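Residue-level listing of the chains:
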Amino acid sequence: MILRTLAVMAFAAGLTGLAPPARAAAPVFTDKACPSDWPTGLREVRCGTLTVDEARDGSVSDRRIDIAVVIFKASAPYKDAAGQALPPMVMFHGGPGGALTPGAGRMLAALRRNPEAFAVDQDVILFDQRGGGASNPSMDCPGVELTDAGPPSDKDRDGLIACLKGYQAQGIDLNQYNAAAIADDVKDMAQALGLAKIDLWGGSYGPRIEAAVITHQPQIVRAAVMDSPWPPEGNWAVGTPEQVSAAVKIILAKCAAQAACAAQHPDLQARFEAEARKWLAGPVKGKDGRTFKVDDLSAFLMDTTYSATGVRSLPVDLDKIIAGDLTPVAEIAEDRTYYFEGQHMAHLCKEELPFESKARLAAGAAGDPVAEVLVPSLSRLFDVCAAVGERPALPIENLPVQTDIPTLLVAAEIDPGCPPPLTEAAAKGYANSQVVIVTNATHGVINASPCTRKMARDFLRDPSKPVDRTCLPAPDTPLDFTLDAPAA
């Protein structure tokens, strides 16, 4: 055993009931062979696992967990005028419930096409947050569907509950899978690897983890880059229906402002609102005889407004749906299992939903039929958390960050989950921050163009300099829509 129980400690000391609390064991980094099928000769790569205590809140436990880590060595380490090299950049996946290390081989392969893609100026550390990816435990829920709009059916809700209770039955303490615990893991990783400072980089929910590191372990952070950031104070369910509706309105307003798009899709906002009311009234049957529910339309709207290709085709897709061709909805419904669902819900049930309510969710969307489409599936999240019974996070985990660590926050104009107003409000607590909103961009904006990639790279070279915005599209740049005639 790594940690002894209180009873054993008390027996050894002869002081039953007066034993000292258990002490955390030291973090251990163990090198392991990287997969043999990864491309070679592109970067020096180091693979391994960080072994830490599962318990991070003072609980008595001897359980240890493994966190998957992959380190890419920089190809041409950058040094400043004083000859100082940049610290490693720790990259955090989104979700929660995403992964990074399983895709490391594909990232290496991408360097064949673009050697400047990453790990040029500084080492890059891919970090699978506890509970997901290639870490152990990795809390996937096979057969359960889950999107950012919530479980798309009661069956998926019940499957999530059963899955999470199954992990609890294995002895996994879901209360320990949260952003504050991950911040401790990052600190332990830096200690185990001998790193005095690190930079942070994350997208979507990744910046939520960055925020936790900045809040709980600021001494190890030099600078941070946040792509399409989700801040701690954001509401996961409450307000999301309105954000999705707002994204749809932005896209359709851009269509209405262009003669060709407006002519092909006249009055589309009003017509789609009428269509949304039909879906809210009950299942809808398409021309091919297949039937879909409002939860399917909910997932379609969320996924499509996140996607650059989806945004460009949204007017065409909405007109197809209005005409009874439900192919766009069916295509999204084919694959809704892209999360490690157990990790996803462990975070939401601790850090997000305890600070929200079903009543506020429904009240915020009331009167807007497009927003109301999202309410049923998002409501199921509360049912899952109530059944599993995690302890709510401390209030600090739901408060804005206050820091002077240099931070670049880059947000997309069109983003149903992490919209610009959320970024702009959060940035007020970052005293040395720079905020960039990219016109016509969608979720995950930095890696979408050479312009924003260079901006982030230059920022990390010198966080004290204003980033160069001259390559960004002008605010009045038209959105390039896909204009194909709807199916007959």
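The structure presented is a predicted model; accordingly, all values stated were derived computationally and were not measured. (Residues numbered from 1 in each chain as written. Predicted model: local features only at pLDDT ≥ 70, side-chain atom pairs only at ≥ 80, totals over all residues. Heavy atoms only, no water.)

1. A look at the overall build of the protein chain
For clarity, the cut-off: The secondary structure listing takes helices from DSSP runs of H or I that are at least 4 residues long and strands from runs of E that are at least 2 residues long, numbered from the N terminus. A simple rule labels every residue: compare its accessible area, found with a 1.4 Å probe on the protein chains alone, to the largest value its type can have, and call it buried under 20%, exposed over 50%, or partly exposed in between. We call two residues contacting when some pair of their heavy atoms lies within 4.5 Å. Only the protein chains shown count as covering a residue, and every accessible area follows the Shrake-Rupley method with a 1.4 Å probe.
Secondary structure assignment for the protein chain yields 17 helices and eleven strands. Overall, the C-alpha framework of the protein chain stretches about 80 × 55 × 45 Å when taken along its three principal axes. The proportion of buried residues among the 488 residues of the protein chain is 56%. Within the protein chain, counting contacts between residues at least 6 apart in sequence, those at least 24 apart form 78% of the total. When the accessible surface of the protein chain is split by element, carbon and sulfur atoms take 55% of a total near 19800 Å².

2. Notes on the domain arrangement of the protein chain
Spelled out, the test is: Boundaries of every domain are those given by an automatic assignment or by a domain database. Here the quantity called buried area is the total loss of accessible area, with a 1.4 Å probe, experienced by two parts when brought into contact, counted for both. Throughout this description, the term salt bridge denotes a Lys or Arg side-chain nitrogen within 4 Å of a carboxyl oxygen of Asp or Glu. Throughout this description, a polar contact denotes any pair of N or O atoms lying within 3.5 Å of each other; where both atoms belong to protein, one of them has to be capable of donating a hydrogen while the other can accept it, and for residues adjacent in sequence the pair is counted only when both atoms sit in side chains. Charged residues are taken to be Asp, Glu, Lys and Arg, nonpolar residues to be Ala, Val, Leu, Ile, Met, Phe, Trp, Tyr, Cys and Pro, and polar residues to be all remaining types, Gly included.
Domain assignment breaks the protein chain into domain 1 (28–234 + 395–461) and domain 2 (237–334). Each of domain 1 and domain 2 has a C-alpha centre, and the two are 31 Å apart. Taken together, the 16 residues of domain 1 in the interface contact 19 residues of domain 2. Summing both partners gives a buried area of about 1400 Å² for domain 1 against domain 2, and 60% of it is carried by carbon and sulfur. Inspection of the domain 1/domain 2 interface yields one salt bridge. Between Lys254 and Glu413 there is a salt bridge, and its shortest N-O distance comes to 3.2 Å. Summed over the shared surface of domain 1 and domain 2, the number is six residue pairs in polar contact (both at pLDDT 80 or more). Among the elements of the structure, β10 (407–414) and β11 (433–442) are those that each provide at least two residues to the side of domain 1 that touches domain 2. It is β11 that provides the largest number of residues to the side of domain 1 that touches domain 2, a total of three residues. Across the side of domain 1 that touches domain 2, the residue classes tally to five nonpolar, seven polar and four charged.

3. Observations concerning the pattern of salt bridges
Applying the stated criterion to the full structure yields 28 salt bridges. With a closest N to O distance of 2.7 Å, Asp185 and Arg130 form a salt bridge. Separated by 55 residues along the polypeptide, Asp185 in helix α4 (residues 179–193) and Arg130 in the loop between β5 (124–127) and α3 (154–169) bring together distant segments of the chain. Comparing Asp185 with Arg130 shows no difference in burial state: the two are buried. Here Asp154 and Arg157 are joined by a salt bridge, their closest N and O atoms 3.5 Å apart. Taken together, the positions of Asp154 and Arg157, both in helix α3 and three residues apart, correspond to about one turn of that helix. Relative accessible area serves as the criterion here: at 39%, Asp154 is assigned to the partly exposed category. Accessibility expressed as a relative area gives 19% for Arg157, which makes it buried.

4. Remarks on the confidence of the model for the protein chain
As a reminder of what qualifies: Per-residue confidence from the predictor is reported as pLDDT, which spans 0 to 100.
In the predicted model, the protein chain carries a mean pLDDT of 93, and the fraction of residues at 70 or more is 94%. For residues 1–22, every residue scores under 50 in pLDDT, and the model assigns this stretch 29 contacts once sequence neighbours within four places are set aside.

5. Structural notes on the packing of helix α12 (residues 341–352) against helix α15 (residues 375–388)
The cut-off we apply is this: Note on method: axes are straight lines fitted to C-alpha atoms, helices fitted across the in-contact stretch only, with angles between N-to-C directions ranging 0 to 180 degrees. Reported orientations rely on four angle classes, namely roughly parallel under 35 degrees, roughly antiparallel over 145, roughly perpendicular from 65 to 115, and oblique for the rest.
Orientation of α12 relative to α15, taken along the N-to-C sense of each, is 85°, at an axis distance of 10 Å. Taken together, the axes of α12 and α15 are roughly perpendicular relative to one another. Along the contact surface, α12 presents Met345, Leu348 and Cys349, while α15 presents Leu381, Val384 and Cys385. For the contact of α12 with α15, the residue count by class is six nonpolar, no polar and no charged.

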